[in-house]
Amino acid sequence: MKSKVSHSKIFVKNYLFIDGISRTGKMMLSRIIPTLNKFEQVEYVEFIEYILAALHLKKISFDFAKSFTIQTLNEMSYNKYIGRKQNIKPSDVTNVKNFYKDKIYKIRLNSPEGLRAINLVKKSKNYFPLMSHDIMTHYKNFKKFDLNYKVIQIYRNPFDVIYSWYKRGWGTRFQTDPQPVGLLLKSNNKHYPWYVAKKEKVWQNLNAVERCAFIVINITKKSINNHKLEKTNKKILTLTYEDFIQNTYKNINKICKFLNTTITLKTKKALKKEKCPKIYNYENTLKKKMFIKSKVKLKTYNSICELEKKYKKNLYNLIK
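Residues numbered from 1 in each chain as written. Predicted model: local features only at pLDDT ≥ 70, side-chain atom pairs only at ≥ 80, totals over all residues. Heavy atoms only, no water.

### Points about the environment of Leu109
The residue Leu109 is located in the loop between α4 (103-108) and α5 (115-123) in this model. The spacing of Leu109 and Gly83 is 26 residues in sequence and 4.3 Å in space, taken between C-alpha atoms. Ignoring any residue separated from it by four or fewer positions in sequence, one finds Leu109 in contact with Ile82, Gly83 and Gln86. (Helix = DSSP H or I, 4+ residues; strand = E, 2+ residues; numbered from the N terminus. Contact = heavy atoms within 4.5 Å.)

See below:
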């Protein structure tokens, strides 16, 4: 009989994935949400993005994907409880100093290793927040991992997202940046983002703005299609960037109810640091819209306009 890759039982009772495609506002949420009661400090789980993308491309087996994910998450939670691999880089959102109970991680530096630490993780009622991209893009496979989780899914006006991708250099960086930029594919001796699998030649012939639009439109539509199948899923809370920054306390209350938690004094400080609530400047979006229109084909521009229309109407029909 052929053996399968296996794993231990998942340690953590409550994972919270703060998810959305890149540049939708996850970083902002990841600075605010861990200040709520019953939370650990946030971690970034880029490995899950690699696993889900590789699974989608059929580069790995499902038993390996699930086992690797669970074993890695177990190791992360164990390390958190013994004070191992703490991030102290000041500019990082995952820096333990950004956490409202940062002293607990200093105390854990002297915590004993072994079964006692594992049992503490298993008994914990805290949420372990994880910042991710593209989980909704691959939600059918993600939910088969059978994790103990909830998801806060955030969306943003597609014109703002595409412009932000362009300003971050995602129209060229996938092929030129030596830094890790996500799962890459290689064809004709050139690197491509996994998002454009089987359409590498099409993407190669686009300008930088068109490339960003190509990917954002594609993964946004995939996310929407998967999300529509989960509209009644009580494990998912759907937010928008524009509503969160303008109606911050309404959304914080919604998050607290969703997670059965409460704010702390640190929450108010985090909101002040993020300058929330604040007015959403649609004039800036209009400028971005005109810039994008000048750089992409009319068909592409119309596709983005159609997305924006559905987004502004009732969030792609994801809300009632």
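### Concerning the packing of helix α14 (residues 282-295) against helix α15 (residues 298-314)
Here α14 crosses α15 at 155 degrees, and the two axes come no closer than 10 Å. As summarised for this structure, α14 and α15 are arranged roughly antiparallel, according to the angle between their axes. Where α14 crosses over α15, the handedness of that crossing is right-handed. Counted together, Tyr282, Thr285, Lys289, Met290, Ile292 and Lys293 of α14 and Tyr301, Ile304, Cys305, Glu308 and Lys312 of α15 form the full contact between these two elements. The residue inventory of the contact of α14 with α15, partitioned by class, reads six nonpolar, one polar and four charged. (Axes fitted to C-alpha atoms, helices over the stretch in contact; angles between N-to-C directions. Parallel < 35°, antiparallel > 145°, perpendicular 65-115°, else oblique. Left-handed = near helix turned anticlockwise from the far one by under 90°. Nonpolar A, V, L, I, M, F, W, Y, C, P; charged D, E, K, R; others polar.)

### So, unusual backbone geometry
In terms of backbone geometry, most residues other than glycine have negative phi values and most peptide bonds are trans. Between Cys276 and the following residue, Pro277, the backbone shows a cis peptide bond with an omega angle of 5 degrees. Phi angles above zero are rare outside glycine, and Asp134 is one such case at about 70 degrees. With relative accessibility at 5%, the residue Asp134 sits in the buried group. Positive phi values are uncommon outside glycine, yet Asp146 reaches one of about 60 degrees. Here Asp146 lies in the loop between α6 (139-142) and β4 (149-155). (Buried < 20%, exposed > 50% of the residue type's maximum accessible area, 1.4 Å probe, protein only.)

### Considerations on the sheet that holds strand β2 (residues 43-44)
In a beta sheet, neighbouring strands pair by backbone hydrogen bonds and run either parallel or antiparallel. Pairing is parallel in the open sheet, where five strands are placed in the order β2-β3-β1-β4-β7. If you trace the sheet from one side to the other, it starts and ends with β2 and β7 (236-240), each paired once. Across five bridges, the pairing between β4 and β7 is parallel. Across the sheet, the residue bridging to Tyr155 is Thr240, located in β7. (Pairing = 2+ DSSP bridges.)

### Considering α14
The end-to-end C-alpha distance of α14, which contains 14 residues, comes to 20 Å, matching closely the 20 Å that a straight helix rising 1.5 Å per residue would cover. On its buried side, α14 packs onto α7 (158-167), α10 (208-228) and α15. Where α14 begins, the side chain of Asn281 points an oxygen toward the backbone nitrogen of Glu283, at a separation of 3.0 Å. (Expected span 1.5 Å × (residues − 1). Polar contact = N/O pair within 3.5 Å; in protein donor to acceptor, adjacent residues only side chain to side chain.)

### A word on the nonpolar core
Tyr15, Phe17, Leu73, Phe142, Leu147 and Trp165 are the most contacted members of the largest nonpolar core, which has 66 residues in total. The element best represented in this core is α10, accounting for eight residues. If we skip the residues at most four places from it in the chain, Tyr15 touches Ile10, Leu73, Asn74, Ser77, Tyr127, Phe128, Leu130, Asn148, Tyr149 and Lys150. (Core = buried A, V, L, I, M, F, W, Y, C linked by side-chain atoms within 4.5 Å.)

### Some words on the side chain of Thr261
With respect to the helices and strands, Thr261 occurs in the loop between α12 (248-259) and α13 (265-273). Looking at Thr261, its side chain comes within polar contact range of the main-chain oxygen of Asn37, at 2.5 Å. With residues up to four places along the chain from it excluded, the contact list for Thr261 reads Leu36, Asn37, Lys38, Phe39 and Cys256.

### Concerning the packing of aromatic side chains
The final tally for this structure, using the stated rule, is 26 aromatic pairs. Taking 5.8 Å as the distance between ring centres and 55 degrees as the angle between the ring planes, the aromatic pair formed by Phe159 and Tyr301 counts as tilted. One end of the pair, Phe159, is in helix α7; the other, Tyr301, is in helix α15, and 142 residues separate them in sequence. Just as Phe159 is buried, Tyr301 falls in that class too. Through pairs of rings, three or more aromatic residues link up here, namely Tyr15, Phe17, Phe62, Tyr81, Phe128, Tyr139, Phe142, Phe145 and Tyr149. The aromatic ring of Tyr81 is capped on one face by Arg108, whose charged end is 3.9 Å from the ring centroid. Of note, Arg211 hangs over the ring of Trp203, and the distance from its end group to the ring centre comes to 4.5 Å. (Phe/Tyr/Trp six-rings, centres within 6.5 Å; stacked < 30°, edge-to-face > 60°. Lys NZ or Arg CZ within 6 Å of the ring centre and 35° of its normal.)

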